Amino acid sequence: MAASPVRITVTGAAGNIAYSLLWRLAAGEVFGKGTRVELRLLEIPEALKATEGVAMELGDSAFPLLSDVVVTDDAAKAFDGTNAAFLVGAKPRGKGMERSDLLAENGRIFGPQGKAINEQAAEDVRVLVVGNPANTNALIASSNAPDVPAERFHALMRLDHNRALSQLAQRLGCATNEIENVAVWGNHSATQFPDLTNATVAGKKVIDTLDPSWYTKEFIPRVAKRGSEIIEVRGSSSAASAASAAVDHMRDWIHGSAGWATAAVPSDGSYGIDEGLVCGFPTVAENGSYRIIDDLELNDFQRERIEASVAELRSEREAVADLL
Ligand code: NAD
Ligand code: LMR
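No experiment lies behind these values; they were computed from the predicted model shown.

### Some thoughts on the site of ligand 2
Okay, step 1: As a structural note, the neighbourhood of ligand 2 is formed by Arg93, Arg99, Asn132, Leu159, Arg163, His188, Gly227, Ile231, Ser237 and Ser238.
Okay, step 2: Taking Asn132, its side chain carries an N or O atom lying 2.8 Å from an oxygen atom of ligand 2.
Okay, step 3: Between Ser238 and ligand 2, the recorded distance is 2.7 Å, taken from a side-chain N or O atom to an oxygen atom.
Okay, step 4: The protein chains hide 95% of the 260 Å² of surface that ligand 2 would expose on its own.
Okay, step 5: Those elements giving two or more residues to the shell around ligand 2 turn out to be helix 6 (158-172) and helix 8 (226-234).
Okay, step 6: Taken together, the residues that form the shell around ligand 2 break down as 2 nonpolar, 5 polar and 3 charged.

Take a look at the structure:
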């Protein structure tokens, strides 16, 4: 008999990111082409009809690995026995807003979902928070799930990582997969620090070959503010690239990464970053988990940039103290 399917929950299933993410999941891009998947789609009541439409289209795509699609507005049902949860459902920001402006409204979503995960999810559950502000929302969800190890709650910063790879590859005229040892530290916000100190191309360090003013005045702000740039140019927030990064994050969590990857994971106190803050780190995914690379020598510039973003994470944590 075929093994039972893995159960994957996606919240915000009628939204823009989900419209790309669900197809990648149903095609087997996270768990692999030999693993059947069952999708549980969680939405708010007003969006259930549209979610039924999404489920109809998933069916019409005739994915051989897709064993079932369940549409619900009941978190207990959505997270029942789930092995992987993508917490996407949350309001996106509009032009001129910072992601932290969403905290008061979106933060309230993640406590109840954390509780439902605590009560319903499978023992091996992995949770990736995409909804903004993602790092602090992941902290809220995790704090409300005391029986699930905190290291199973991550926030999406692979998009920032992919943006950094893309910008550097364009600058150097190479392919993104020739680049290694790039990381994005801190918060998924404009304070983040896309760090090229250790970056290599074809095995050779590149930092000393880069124009320092391109690095500090163009590369860092461009990556850190890319979300706003997309909103400005596209008219709405990134969707397909976010879904793609979410697939990258969860796939590597399960199967391992090819070298360094950025993941926002609960700090273990490395580099003096407060334990528990969900922070972007250089990591390697292996044996089913992301491991923080904890033995880098940091220079003053790196320390300063990391501290600025960690300070913002601390202040977000204070702002949601009642939800933790
Ligand atoms: P969207 O507005 O298109 O879709 C969001 C969906 O979530 C809507 O259908 C809405 O009904 C649903 N929703 C709201 N509250 C919910 C709840 N309590 N339970 C279940 N569903 C709920 O937005 P989008 O473009 O898909 O973006 C979703 C979120 O992801 C936003 O907060 C956005 O800022 C964030 N985002 C994060 C990253 C990242 O890299 N971390 C990248 C892009 C977007
Ligand atoms: C992004 O980085 O594209 C998302 O977080 C959306 C946003 O608000 O910038």
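### Some words on helix 1 (residues 16-26)
Okay, step 1: Among the residues of helix 1, Ile17, Ala18, Leu21, Leu22, Trp23, Leu25 and Ala26 are the ones counted as buried.
Okay, step 2: Buried-residue contacts for helix 1 involve strand 1 (6-11), strand 2 (37-42), helix 2 (48-60), strand 3 (66-72), strand 4 (84-87) and helix 9 (240-255).
Okay, step 3: Phi turns positive one or two residues past the end of helix 1, at Gly28, with a value near 85 degrees.

### Regarding the UniProt feature "binding site: NAD(+)" (unreviewed entry) in the protein chain
Okay, step 1: The UniProt entry lists Gly12, Ala13, Ala14, Gly15, Asn16, Ile17, Ala18, Asn106, Gln113, Val130, Gly131 and Asn132 under the feature "binding site: NAD(+)" (unreviewed entry), expressed in the numbering used here.
Okay, step 2: With respect to the helices and strands, the residue Gly12 is situated in the loop between strand 1 and helix 1.
Okay, step 3: For Gly12, a relative accessible area of 13% translates into the label buried.
Okay, step 4: With respect to the element layout, Asn132 can be found in the loop between strand 5 (126-129) and helix 5 (134-143).
Okay, step 5: In this view, Asn132 contacts Ala90, Arg99, Leu102, Asn106, Asn137 and His188; residues no more than four positions away in its chain are not counted.

### Topic: the site of ligand 1
Okay, step 1: Taken together, 27 residues form the shell around ligand 1, and within it Asn16, Glu43, Lys91, Val130 and Asn132 come nearest.
Okay, step 2: The side chain of Glu43 places a nitrogen or oxygen atom 2.6 Å from an oxygen atom of ligand 1.
Okay, step 3: Between ligand 1 and the protein, one listed contact pairs an oxygen atom with a side-chain N or O atom of His188 at 3.3 Å.
Okay, step 4: Within the complex, 86% of the 870 Å² of free accessible area of ligand 1 lies under protein.
Okay, step 5: Mapped by element, the contributors of at least two residues to the shell around ligand 1 are helix 1 and helix 4 (103-120).
Okay, step 6: Counting residues per element, the shell around ligand 1 draws most heavily on helix 4, which supplies 3 residues.

### Observations regarding the side chain of Arg93
Okay, step 1: Turning to its location among the elements, Arg93 is positioned in the loop between strand 4 and helix 4.
Okay, step 2: What makes Arg93 buried here is its relative accessible area of 8%.
Okay, step 3: Side-chain polar atoms of Arg93 contact the backbone oxygen of Met97, separated by 2.8 Å.
Okay, step 4: One polar contact links Arg93 to Ser228, side chain to side chain, over a distance of 3.4 Å.
Okay, step 5: Other than its neighbours up to four places away in sequence, Arg93 contacts Glu98, Arg99, Leu102, Gly227, Ser228 and Ile231.

### Thoughts on the environment of Cys279
Okay, step 1: Its place among the elements puts Cys279 in strand 13 (residues 278-286).
Okay, step 2: Between the C-alpha atom of Cys279 and that of Ala155, which follows or precedes it by 124 residues, the distance is 8.1 Å.
Okay, step 3: Not counting residues up to four positions away in its chain, the partners in contact with Cys279 are Asn135, Gly186, Ala263, Ala264, Val265, Ile273, Val310 and Leu313.

### With respect to unusual backbone geometry
Of all residues except glycine, most have a negative phi; of all peptide bonds, most are trans.
Okay, step 1: In this chain, Asn132 is followed by Pro133 through a cis amide linkage whose omega measures -10 degrees.
Okay, step 2: The residue Pro133 is located in the loop between strand 5 and helix 5 in this model.
Okay, step 3: A positive phi angle, close to 55 degrees, is found at Ala62, a residue other than glycine.
Okay, step 4: Structurally, the position occupied by Ala62 is in the loop between helix 2 and strand 3.
Okay, step 5: Classification of Ala62 as exposed rests on a relative accessible area of 60%.
Okay, step 6: Of note, Ala202 is a non-glycine position whose phi angle comes to about 50 degrees, a positive value.
Okay, step 7: Inspection of the secondary structure assignment puts Ala202 in the loop between strand 10 (200-201) and strand 11 (204-205).

The rules behind these values
Residues numbered from 1 in each chain as written. Chains lettered and ligands numbered in written order. Predicted model: local features only at pLDDT ≥ 70, side-chain atom pairs only at ≥ 80, totals over all residues. Heavy atoms only, no water. Near = heavy atom within 4 Å. Polar contact = N/O pair within 3.5 Å; in protein donor to acceptor, adjacent residues only side chain to side chain. Areas by Shrake-Rupley, 256 points an atom, 1.4 Å probe, with all protein chains shown as cover. Helix = DSSP H or I, 4+ residues; strand = E, 2+ residues; numbered from the N terminus. Nonpolar A, V, L, I, M, F, W, Y, C, P; charged D, E, K, R; others polar. Buried < 20%, exposed > 50% of the residue type's maximum accessible area, 1.4 Å probe, protein only. Contact = heavy atoms within 4.5 Å. UniProt positions renumbered as here; feature names shortened; annotations may be inferred.

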